[in-house]
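The chain contents come next:
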Amino acid sequence: MIPRRLRTWILVWTPVTWLVLTLITYPKDRPLSSGPAMIIKGFFAPTVGNYPALIPLLLAVPLLAFGAAKLVRQARPTPLPWLLLAAGAVSAAWFVAASGLLHGQLSLSGRDAHAAWLFQTVVVVLIAASIYAWGAANPERAELTVWNTRQIWRLYKANWQGMVGLSIMIFFVAMALLAPFLANHALLDPTAQIGKPFATPTLSYYHWFGTSEQGMSVLAEFIWSARISLAVGLFATAISTILGAGVGIMAGYYHGWFSEVLMRLTDAFLVIPWLPLAMVLVAAWGQNYLILVLIIGITSWPGTARVVRADALRVRELQFIERGRAIGSSDWHIMQKHILPNVFPLVFANTILVVAIAILAETTLSFLGLGDPLNFSWGTMLHYAWDSGAAGLPAWWYLMPPGIAIVLVVLAFTFMGTAFDEVLDPKLRKREESGGRPDEAPDRLLPLGGGIGGSTQDLAGGVPSGGIWAGPANDWDPNEPGGPS
Amino acid sequence: MDKRRYFIRKVLNALLTIVLIASFNFVLFRILPGDPARLLVPKGRFSMDAMAKQRANFHLDKPMWEQFIFYWEDTVQLKFGDSFAQKRPVAQVVGERIWPTVILVGTGTLIATVVGLITGVFAGWRRNSKFDVLTTNTGMVMYSAPTFWICLIFIMIFATWLRWFPVGRMYDPGAVYTSWFSQFTALLHHLFLPAFTFAITYMGEYHLIVRSSLTGVMREDYVLTARAKGLSDSNVLWRHVAPNAMLPTVTLIMMNIGFVLSGAILTEAVFNWPGLGLLSYDSMVQRDYPVMQAVFLLGSIAVIVANLIADIMYYYLDPRVKA
């Protein structure tokens, strides 16, 4: 039996996910004035889901691998691996169609405008079905996950900074997603003047923020810029977190020369001045957002690696790790099933803080004129404002909106990161009900025992593992024959 | 740890990192797409002769390992070739840009450190007081705001609207100063806005760090003991709590001083301040690779040296390291 609440979540979040994905690739040539029929048709347009072939490939590989691993290791038959494999297969077909393999060529940036909409919808539904099947097969763990998530949300809700951050974030994400309905994309064309250069703001909609040095609507630029600024920040953070957490966990877990080499590498990357390096790389490799994402990603991981390593060093000394090693668990197994869940809260809170840094980095590079010349971001807007001498006019309407938006978004991520830090680390959490000292308070997040942080180290010794989302029975799955590998 | 061993280890570590970075610098400017000799000759007007000359200059006609050795020889002798844009040796171009940056970053860091430390200590001491809430939230905003945006806003307010300060440059173009005093005041007049904006970015950071580290220190038992002995508030704060809370801040400040170059690029570019930051921005715009290479190496070495100094200072500031 699947927990009732998990079922509700799946039923709510699947359509929401689909809608978000659809809005990301919603056609840009359909402003609100084109009539309701055209707008609804836009949701089924060929541009929807029309990503470069690299993205379905990145989706297909882990889905297939994960599904195959589950299929090999499960004792009693459940639909979960088959659903995962199906989702992987559809993604693979999507990749084949987009990359042009059928026509005997291979291009990772190729796109397929014919069936992309269908592929995307099917993949979303299949992944939702996999989560449903997982919940039905492991009701206890699903229940625990639901319970923990609700507890975290309850604690998070009580943190005013976190809620302020979340509200700001939702506002800007909604603005970015709804950009096709909020501002006509045609107004971003360099020839689309709506008035004189540097005209002051008036009450008419597109004149709210006045005009730019070319007489273009600053409001339209501002709305569409949100997309690039947020997207570059999020993708760069993904790269940075994967690199940083991977290096950090390995450097913390292994002893000896390997760990030393990793730390020297991290130290070397930490002292490289990232801005000159990024300037050199962008100048050499060309200006587009993929390169910006890569550069921000590979220059911002050392901080994460150091933080994660420090935490992994602590986790490595916990007793259950030794127990795992004694019963013959492999290094990979221990890192993946014990260390990762235990350092996960830290990684998660850190990730949100890195987003803030990545967005600032993107803005900085774009401001220096290294952004994608074909798209607007808030940094690009400020670059044009600076270049055209808006500060000397002074054209405050051109300088204020992008700057304030950057400050608000960065502040929002900082607030959310600090709030998550407090929620996930019981030592930092302010106790609202128990009167005891913060670091002695009992841990309410885990009903079945196990520790999240250092405060319950002695407790964790007897319990297999203790990540928040991992649940305590992490190591021993009743479905797997013979217990831990 | 034994003092000599501690220092030797730190110095060796720094040297090793410098060697790593310099090698990375070698690799970086060779993985750039295209023929490096082509990159090293100004765009548009390259001839076969010039190409061959540059090739010989940078030993690009030799095998890779020999190039590596030559690279080290040249780097140690500070021979980075000629700048394309200015047609002068890179060492000379870079050398004359160092002082303006030191003046700007020095003044800025001084302001940021003094203000950030003092507000941080008071905010952490009375946590959740009105002063704390006000300064900490302001600090968060300062920390979140992009430097260049603050620069632009300050130019708009103080230079365009109020006309209190000139925009950019160290001196007015073409101005002749009769005495060193008038030259000095002109410099200060030009310096104020860039230094202040530079300081603002770091002020917020220092405030937040000092505040949080002070909060941590105040939970320590020895602070309770100090209070139990009946020491006055100011004695506990300035003799017992603050010195310990300063330790992480010292490291941070040294790290930031090391990052002068990347920190100052934006301020210098917006204010047209003729320092290393503006040089690296200009050389990027003009694709002046020899200058970029030298500036990048110099910037990395500055960070490593600053870290080394921080480690050595730590030894004297924190007796626990000696144990």
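This is a predicted model, so every value here is computed, not measured.

Enquirer: How would you summarise the overall build of chain A if you had to cite specific residues and measurements?
Expert: Secondary structure summary: chain A contains 18 helices and zero strands in total. Residues counted as buried form 44% of the 485 residues belonging to chain A. Considering only intrachain contacts with a sequence separation of at least 6, the fraction spanning at least 24 residues in chain A is 69%.

Enquirer: Could you give an account of the overall build of chain B, naming the residues involved and the relevant values?
Expert: Within chain B one finds 14 helices and zero strands. Counting from the amino terminus, helix and strand elements in chain B follow one another as α-α-α-α-α-α-α-α-α-α-α-α-α-α. In chain B, the share of contacts with a sequence separation of at least 24, taken over all contacts with a separation of at least 6, comes to 69%.

Enquirer: Can you break down the interface of chain B and chain A residue by residue, with the values?
Expert: Facing the 37 residues of chain B at the interface are 31 residues of chain A. Taken together, the elements giving at least two residues each to the side of chain B that touches chain A come down to helix 1 (3-31), helix 6 (130-144), helix 7 (147-161), helix 11 (260-271), helix 12 (276-285) and helix 13 (289-317) of chain B. Residues of the side of chain B that touches chain A, tallied by class, amount to 28 nonpolar, eight polar and one charged.

Enquirer: Can you explain the packing of helix 11 (residues 274-285) of chain A against helix 12 (residues 289-299) of chain A? Please cite residues and give values.
Expert: Residues and elements named next belong to chain A. One can describe the packing of helix 11 onto helix 12 by two numbers: an axis separation of 10 Å at closest approach and a directional angle of 150°. Overall, the two elements helix 11 and helix 12 adopt an arrangement that is roughly antiparallel. Between helix 11 and helix 12 the crossing geometry is right-handed. In contact with Trp 274, Leu 277, Ala 278, Leu 281, Val 282 and Trp 285 of helix 11, helix 12 contributes Ile 291, Ile 295 and Thr 299. In the contact of helix 11 with helix 12, the residues fall into eight nonpolar, one polar and no charged.

Enquirer: Report on helix 6 (residues 139-157) of chain A, specifying residues and quantitative values.
Expert: Residues and elements named next belong to chain A. For helix 6, with 19 residues, the first-to-last C-alpha span of 26 Å sits near the 27 Å given by 1.5 Å per residue. Those residues of helix 6 lying buried are Ala 142, Leu 144 and Leu 155. Each buried residue of helix 6 sits inside an arc of 160° when the element is viewed along its axis, so together they form one side. Turned more than 90 degrees off the buried face of helix 6, the exposed positions are Arg 150, Trp 153 and Arg 154.

Enquirer: Hey, could you go over the environment of A:Ala268 for me, with residue numbers and the actual values?
Expert: The residue A:Ala268 is located in helix 10 (residues 256-271) in this model. Leaving out residues up to four positions away in the same chain, A:Ala268 has contacts with B:Thr17, B:Leu20 and B:Ile21.

Enquirer: Describe the packing of helix 4 (residues 80-99) of chain A against helix 5 (residues 116-137) of chain A, with residues and values.
Expert: Residue and element names in this part refer to chain A. Contact pair helix 4 / helix 5: the axes reach a minimum separation of 8 Å and the direction vectors enclose 165°. Considering their axes alone, helix 4 and helix 5 lie roughly antiparallel with respect to each other. Crossing hand, helix 4 versus helix 5: left-handed. Only Phe 119, Val 122, Val 123, Leu 126, Ile 127, Ala 129, Ser 130, Ala 133, Trp 134 and Ala 137 of helix 5 make contact with helix 4, whose side of the interface consists of Leu 80, Leu 83, Leu 84, Ala 86, Ala 87, Val 90, Ser 91 and Trp 94.

Enquirer: I'd like to hear about the confidence of the model for chain A, residue by residue, with values.
Expert: Residue and element names in this part refer to chain A. Mean pLDDT over chain A: 80, with 87% of residues reaching 70 or higher. Per-element averaging of pLDDT across chain A places helix 18 (residues 457-460) at the bottom with 30 and helix 7 (residues 160-177) at the top with 93. For the stretch residues 430-485, pLDDT sits under 50, and the model shows 106 contacts to residues farther than four places along the chain or on other chains.

Enquirer: Describe helix 17 (residues 396-424) of chain A, listing the residues and the values that go with them.
Expert: A rise of 1.5 Å per residue sets the reference length of helix 17 of chain A, with its 29 residues, at 42 Å; its end C-alpha atoms lie 41 Å apart and thus fit the reference within 8%. Taken across its 29 residues, helix 17 of chain A has 24 buried, putting it largely inside the fold.

Enquirer: Now, about the environment of B:Ala195: what can you tell me, with residues and values included?
Expert: All names here are of chain B. As for its placement among the helices and strands, Ala 195 is situated in helix 8 (residues 180-218). With 90 residues separating them in the primary sequence, Ala 195 and Val 105 have C-alpha atoms 7.0 Å apart. Excluding residues that lie within four positions of it along the chain, Ala 195 makes contacts with Leu 104, Thr 107, Gly 108 and Ile 111.

Enquirer: A description of unusual backbone geometry should follow, citing residues and the corresponding values.
Expert: Residue and element names in this part refer to chain B. A positive phi angle is found at Asn 128, which is not glycine, with a value near 70°. In this structure, Asn 128 sits in the loop between helix 5 (90-125) and helix 6. Taking the C-beta count within 10 Å as the criterion, Asn 128 has 9 such neighbours and is therefore assigned exposed. Unusually for a residue other than glycine, Asn 272 sits at a positive phi of about 60°. Mapped onto the secondary structure, Asn 272 falls in the loop between helix 11 and helix 12. Residue classification places Asn 272 among the partly exposed positions, given that 13 C-beta atoms sit within 10 Å.

Enquirer: Describe the environment of A:Ser107, and please don't skip the residues or the numbers.
Expert: All names here are of chain A. If you trace the backbone, Ser 107 turns up in the loop between helix 4 and helix 5. Residues Ser 107 and Thr 47, 60 residues apart in the sequence, show an inter-C-alpha distance of 18 Å. Those residues within four positions of Ser 107 in sequence are excluded, and the remaining contacts are Ala 53, Ser 99 and Gly 100.

Basis of the calculations
- Residues numbered from 1 in each chain as written.
- Chains lettered and ligands numbered in written order.
- Predicted model: local features only at pLDDT ≥ 70, side-chain atom pairs only at ≥ 80, totals over all residues.
- Helix = DSSP H or I, 4+ residues; strand = E, 2+ residues; numbered from the N terminus.
- Buried ≥ 20, exposed ≤ 12 C-beta atoms within 10 Å, placed from the backbone.
- Contact = placed C-beta atoms within 7 Å.
- Nonpolar A, V, L, I, M, F, W, Y, C, P; charged D, E, K, R; others polar.
- Axes fitted to C-alpha atoms, helices over the stretch in contact; angles between N-to-C directions.
- Parallel < 35°, antiparallel > 145°, perpendicular 65-115°, else oblique.
- Left-handed = near helix turned anticlockwise from the far one by under 90°.
- Expected span 1.5 Å × (residues − 1).
- Arc of directions from axis to C-beta.
- pLDDT = per-residue confidence, 0-100.

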